[in-house]
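In case you want the letters, here they are:
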Amino acid sequence: MSISNTTVFMPSEFTLIGIPGLESVQCWIGIPYCAMYLMAVIGNSLLLIIITSERSFHQPMYIFLGMLGVTDIALSTSIVPKMLGIFWFHVPEIHFDCCLLQMWLIHTLQCTESGILLAMALDCYVAICYPLRHAAIFSHHLVTQIAAVVTLRAAILVAPCPVLIKLRLQFYQTTVISHSYCEHMAVVKLAAENIRVSKIYGLFVAFTVAGLDIVLITLSYIQIFITVFRLPQKEARLKAFNTCVAHICVFLQFYFLGFFSFFAHRFGSHIPPYIHILLSSTYLLVLPFLNPLIYGAKTKHIRAHMVKIFCSKSLL
């Protein structure tokens, strides 16, 4: 592939333009984004405080929920400060290595969240289908191992993405990224060289992580529903189904919006850029914002503990 004279060799920094086509109203878009970020941090922090402070919550389901909260806080924090810097303070520049680090953090945390959702589905499957063996199967040792595997899987699989960019892509057509954060394909598309290896590896990671997790989660819930509908009492069926409702809501949000963003980057040339970028940015903030609300509302013990905390504070 020929390199033109207008290309940039190993740029020291990139420029993030935010949301293409909506630059004039980005200052207003930043307000709900900032509100969602603050609510996400507060909500997930409150969940973590409840889970860590109460021994009754030291169970696999709540431990995985705590891991989800930590991941959500880290994911939103890796995006929002720089995004608000672009929207409010007109600081679009980001150092090349910082851009790659942000890219690695975002995609690693997304893969980690996918793994946690799978672990929560498997925990729900064992709790409903094999209730008498649940405590023996999901021991604290196994939960620790799952946490380590989920985190390492994400970090190791995503690591080659920024490494391939750093080592293989030296010439760039432009240093302007039409995005509000450093997304893998948004950066790769700037290169003036052959990007086939990076594109193929990105697809490999997506289908290895999300593809496998979706299949296993779907199979788990099919088996859960079969078991639930076989229960003789209606009350028992409703109670078992209600246990999984929150997780199903999060599962559908995470993968539906995630795959929209993923395929839009690769095959959505007909989608207006501002719609794609707006939805992609919102996607990474809505889940950390909604997860504490969904689990807080649908999980009886957490809801009761939150009410207890706020009632005791109001009495003071």
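See the structure printed just above.
Residues numbered from 1 in each chain as written. Predicted model: local features only at pLDDT ≥ 70, side-chain atom pairs only at ≥ 80, totals over all residues. Heavy atoms only, no water.

## Some points on the overall build of the protein chain
Scanning the protein chain for helices and strands turns up 12 helices and five strands. The C-alpha radius of gyration of the protein chain comes to 21 Å, within 12% of the 20 Å expected for a compact globule of 316 residues. Overall size of the protein chain, expressed as C-alpha extent along the three principal axes, is 75 × 45 × 35 Å. Across the 316 residues that make up the protein chain, the buried fraction comes to 49%. In the protein chain, the proportion of contacts linking residues at least 24 apart, taken out of those at least 6 apart, comes to 80%. (Helix = DSSP H or I, 4+ residues; strand = E, 2+ residues; numbered from the N terminus. Rg over C-alpha atoms; globule rule 2.2 N^0.38 Å. Buried < 20%, exposed > 50% of the residue type's maximum accessible area, 1.4 Å probe, protein only. Contact = heavy atoms within 4.5 Å.)

## Things to note about helix α3 (residues 80-89)
Most of α3 is tucked away, with seven of its 10 residues classed as buried. Of the positions making up α3, those classed as buried are Val80, Lys82, Met83, Leu84, Gly85, Ile86 and Phe87.

## What to know about the packing of aromatic side chains
Evaluated as defined, the whole model comprises 14 aromatic pairs. On the numbers, 5.2 Å between centres and 55° between planes, the contact of phenylalanine 9 with phenylalanine 171 is tilted. Separated by 162 residues along the polypeptide, phenylalanine 9 in strand β1 (residues 8-9) and phenylalanine 171 in strand β4 (residues 171-172) bring together distant segments of the chain. For phenylalanine 9, a relative accessible area of 49% translates into the label partly exposed. (Phe/Tyr/Trp six-rings, centres within 6.5 Å; stacked < 30°, edge-to-face > 60°.)

## Structural notes on the nonpolar core
As a rule of thumb, nonpolar side chains are buried together in soluble globular proteins. In this structure, Phe14, Ile165 and Ile177 are the most contacted members of the largest nonpolar core, which totals 81 residues. For isoleucine 177, the residues in contact, after removing those within four places along its chain, are Phe14, Thr15, Leu16, Ile17, Cys99, Cys182, Ala186, Val187 and Leu190. The next biggest cluster of nonpolar side chains, apart from the first, holds nine residues, and it includes Cys161, Leu164, Tyr201 and Val205. (Core = buried A, V, L, I, M, F, W, Y, C linked by side-chain atoms within 4.5 Å.)

## Here we look at the pattern of salt bridges
Opposite charge on two side chains lets them pair, provided their charged atoms get close. The tally for this structure, following the rule as stated, stands at two salt bridges. Lysine 166 is the salt-bridge partner of aspartate 97, the closest N and O atoms lying 2.8 Å from each other. Remark: lysine 166 occurs in helix α7 (residues 160-168) and aspartate 97 occurs in helix α4 (residues 96-129); sequence separation between them is 69 residues. Judged by its relative accessible area of 37%, aspartate 97 is partly exposed. Residue classification places lysine 166 among the partly exposed positions, given a relative accessible area of 33%. Among the salt bridges present, the one from arginine 153 reaches aspartate 213, with a minimum N-O distance of 2.9 Å. Of this pair, arginine 153 sits in helix α6 (residues 140-158) while aspartate 213 sits in helix α9 (residues 196-229), and the two are 60 residues apart along the sequence. By relative accessible area, arginine 153 is classed as partly exposed at 22%. For aspartate 213, a relative accessible area of 0% translates into the label buried. (Salt bridge = Lys/Arg side-chain N within 4 Å of Asp/Glu carboxyl O.)

## Side note on the side chain of histidine 134
Within the secondary structure layout, histidine 134 lies in helix α5 (residues 134-137). What histidine 134 contacts, discounting residues up to four positions off in sequence, is Pro60, Asp123, Val126 and Ala127.

## So, the pairing of strand β2 (residues 13-16)
Moving residue by residue along a regular strand, the side chains alternate between the two faces of the sheet. Side chains of β2 alternate between two faces, with Phe14 and Leu16 buried and Glu13 and Thr15 left unburied. Pairing between β2 and strand β3 (residues 93-95): three bridges, direction antiparallel. Bridge pairing in β3 places phenylalanine 14 opposite isoleucine 94. Two strands pair when backbone bridges link them, and β2 and strand β5 (residues 176-177) are joined in this way by two bridges, in the parallel orientation. The partner of leucine 16 across the bridge, within β5, is isoleucine 177. (Pairing = 2+ DSSP bridges.)

## Things to note about α7
Of all the residues in α7, the buried ones are Cys161, Pro162, Leu164 and Ile165. Summarising the axial view, the buried residues of α7 lie within an arc of 160°, below the 170-degree limit, and thus occupy one face. On its buried face, α7 is in contact with α4, α6, β4, α8 (184-188) and α9. (Arc of directions from axis to C-beta.)

## Considerations on the state of the cysteines
Under the criterion given, the structure shown has one disulfide. Here cysteine 99 engages in a disulfide with cysteine 182; their sulfurs sit 2.0 Å apart. Since a negative S-S torsion denotes a left-handed disulfide, the cysteine 99-cysteine 182 link at about -120° is left-handed. Placement of the pair is cysteine 99 in helix α4 and cysteine 182 in the loop between β5 and α8, with a sequence separation of 83 residues. Comparing cysteine 99 with cysteine 182, the two get one shared label, buried. A disulfide-free cysteine, cysteine 129 has its sulfur positioned 8.3 Å from the sulfur of cysteine 124, the nearest such atom. (Disulfide = S-S within 2.5 Å.)

## A closer look at the sheet that holds β3
Spatially, three strands are ordered β3-β2-β5 in an open sheet, and the strand pairing comes out mixed. If you trace the sheet from one side to the other, it starts and ends with β3 and β5, each paired once.

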